[in-house]
Structures are given as C-alpha cells and as structure tokens.
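Chain by chain, the residues:
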Amino acid sequence: MIAKNSNTEHPYIHCTATEELPLVPPLDSLIESSITKIIVLDFDGVLNPLSAGTLGKKHFPTDRAAVVENPHHADNPTEEPPSYMVKWSTGLVGELNGILSDDDAVVVWLTTWKQHAGTLTAMTGLAPNAAQFFLDFGAPGVAHPPQGDKKPALENWLDASSLLASKSFQPGAGVKIVWVDDDVLQGVYAGVVKHKYDGCLLTIAPNSMKGLSVYQMGMLGRFMGAPEFLLT
C-alpha cells in the first residue's frame, strides 16, 4: 500500500481502501451521551494545504502525502478525475489527537468528501479512538455542492438542539464546538454565526494554501480547555 515516489520529498501512500462514516446524529443525542467537545472539520485547505511550496514557521510542515481514489470517478468518469493527491502534517494531526483523546470528544466532518472522509481520517491517523461522523449538505446526489450550503446545514443541526445553551445552569452549557473551514468562514459570516451561538462556538478560517496554522491550533486548544494549550 505504501510506495515511494522519487519526485517527492517523502514516501506517499496510494490509498485504495475506502471507509465511510455514519451520518451525524442529532446534537442532543451527543450531549446526552456526555459529549462536550465537538470539532467540525473541513479537509482540503485545513488538514490538506493546497500550496505545493514551503508553508513557513507559522504553519505545520507537511510530511505525508497520498494518492486517494476519487469516490465519484466511477459514476462520472468523463468529468471526475480518478484520484486526488493530498498531503498532511503528522505534527498537526498529533496536536488534534491530544484534544480528541478524551471520551467526551467527537469529530464531525463538514466537507465535500462527506462520508468518504472516513478514508481520509483512517489514512492520516486522526482521532483513532474518537467517534467520527459526517454532516450532509447540499442537494441529494450532488457530488460537489456549493460551499455555501454548509452554512444552513450546520446551523440547522445546531438549532435543532434543545440542550445547547449558554447559561451555566442549563444542560449543554459545557459544550464547546469549533468549526474549522477555509472557505465559508472567510469574511463577516464567521463573526455572525459565532455571535449567534455565543459561548458555544468558535470559528476558525485557515488560509487555504497553508492549512490550519500553529496560532489557530492554539486558539482551538485553549477554547477546548486543553491543559497543554492553556499554558501558552
């Protein structure tokens, strides 16, 4: 499964295995299961920086790469490429894993990879012991829905919860949700949605070319109350 490419800086994986994630349950179901930490993740432009160059000291250097088969190619071979090259940082994955190692943490993927993000998380080694789900968005059957369709998808999922609250005496007050997306959280919308769920939601918009930065990872860790980040 692992092959070396003499034209790249490090070995790459040719990933032919496929793993699918389940659809995310209602938020109240997670809260009632004692979940208090939820990271909502995009993949491309977040864990998979789009730049082919050096990322710099403020970002996590990529040290792994893979060729991942396109799950939509078989249905539309004339317009869908057979595979994608992706890359990631084991350092960034390790820092996320530190936060996601507790029993009260889950990952919700909000990405055009949808359920196929299961292949990516297994390949990268992200949160192997945490429950992971995908949140669907866009019209049914559309392989690449508009990024903007993520906004109502997440807000509707949050709004359907009767337990999510900001007052300390109410159930769900301890729930912390971090939404990381390089596209839809650019501009004023990030502040608007953060204010709507004040105290429960942190929005982070990485630079698509460089992915989640060291500083943004620190923000995420401190918001989640991870001890290793509270000292920095």
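Every value quoted in this text rests on a predicted model; they were computed, and no experiment measured them.

## Details of the packing of aromatic side chains
Alright, step 1. Under the defined criterion, the tally for this structure stands at four aromatic pairs.
Alright, step 2. Centre to centre, the rings of Tyr84 and Trp113 are 5.8 Å apart; their planes meet at 70°, and the pair counts as edge-to-face. With Tyr84 in strand β5 (residues 83-88) and Trp113 in the loop between β6 (105-109) and α3 (117-124), this pair connects stretches of sequence that are 29 residues apart.
Alright, step 3. Measuring from ring centre to ring centre gives 6.2 Å for Trp179 and Tyr189, while their planes differ by 85°; the resulting arrangement is edge-to-face. With Trp179 in strand β8 (residues 176-180) and Tyr189 in helix α5 (residues 189-196), the pair connects residues that are 10 residues apart, well separated along the chain. In this structure, Trp179 and Tyr189 share a single accessibility class: buried.
Alright, step 4. Three or more aromatic residues joined by ring pairs form one cluster here, namely Phe43, Tyr84, Trp109 and Trp113.
Alright, step 5. Above the face of the Phe137 ring, Lys114 is positioned so that its terminal group lies 5.3 Å from the ring centre.

## Regarding the pairing of strand β3 (residues 37-41)
Alright, step 1. Burial of β3 is extensive: five of the five residues sit out of reach of the surface.
Alright, step 2. Residues Lys37, Ile39 and Leu41 line one face of β3 and the alternating positions Ile38 and Val40 line the opposite face, and both faces are buried.
Alright, step 3. Bridge count between β3 and β6: five bridges; the pairing is parallel. Looking at the pairing, Ile39 lines up with Val107 of β6.
Alright, step 4. Summarising the sheet, β3 and β8 pair through five bridges and their orientation is parallel.

## Looking at the pattern of salt bridges
Alright, step 1. Tallying each qualifying case throughout the model produces seven salt bridges.
Alright, step 2. Residue Asp42 is joined to Lys150 by a salt bridge in which the shortest nitrogen-to-oxygen separation is 3.4 Å. Of this pair, Asp42 sits in the loop between β3 and β4 (64-69) while Lys150 sits in helix α4 (residues 150-159), and the two are 108 residues apart along the sequence.
Alright, step 3. Here Glu155 makes a salt bridge to Lys196, at a shortest N to O gap of 2.8 Å. Residue Glu155 is found in helix α4, and its partner Lys196 is found in helix α5; the two are separated by 41 residues along the sequence.
Alright, step 4. For Glu155, a relative accessible area of 15% corresponds to the buried category.

## As for empty space enclosed by the protein
Alright, step 1. Counted by the stated rule, this structure contains one cavity of 30 Å³ or more.
Alright, step 2. Of the voids in this model, the largest cavity is the one considered here, and its volume is about 50 Å³.
Alright, step 3. Lining the largest cavity, in full, are Val46, Leu47, Pro49, Leu55, Phe60, Thr62, Trp88, Ser89, Leu92, Lys210, Gly211 and Leu212.
Alright, step 4. Residues belonging to the lining of the largest cavity are distributed by class as follows: eight nonpolar, three polar and one charged.

Each value, and the rule that gives it
Residues numbered from 1 in each chain as written. Predicted model: local features only at pLDDT ≥ 70, side-chain atom pairs only at ≥ 80, totals over all residues. Heavy atoms only, no water. Phe/Tyr/Trp six-rings, centres within 6.5 Å; stacked < 30°, edge-to-face > 60°. Helix = DSSP H or I, 4+ residues; strand = E, 2+ residues; numbered from the N terminus. Buried < 20%, exposed > 50% of the residue type's maximum accessible area, 1.4 Å probe, protein only. Lys NZ or Arg CZ within 6 Å of the ring centre and 35° of its normal. Pairing = 2+ DSSP bridges. Salt bridge = Lys/Arg side-chain N within 4 Å of Asp/Glu carboxyl O. 1 Å grid on protein atoms, 1.4 Å probe; cavity = no way out; pocket = protein on both sides within 12 Å on 5 of 7 lines; lining within 4 Å. Points joined across faces, edges and corners; volume = space filled by probe spheres on them. Nonpolar A, V, L, I, M, F, W, Y, C, P; charged D, E, K, R; others polar.

Don't take any of this as a statement about function, it's just geometry.
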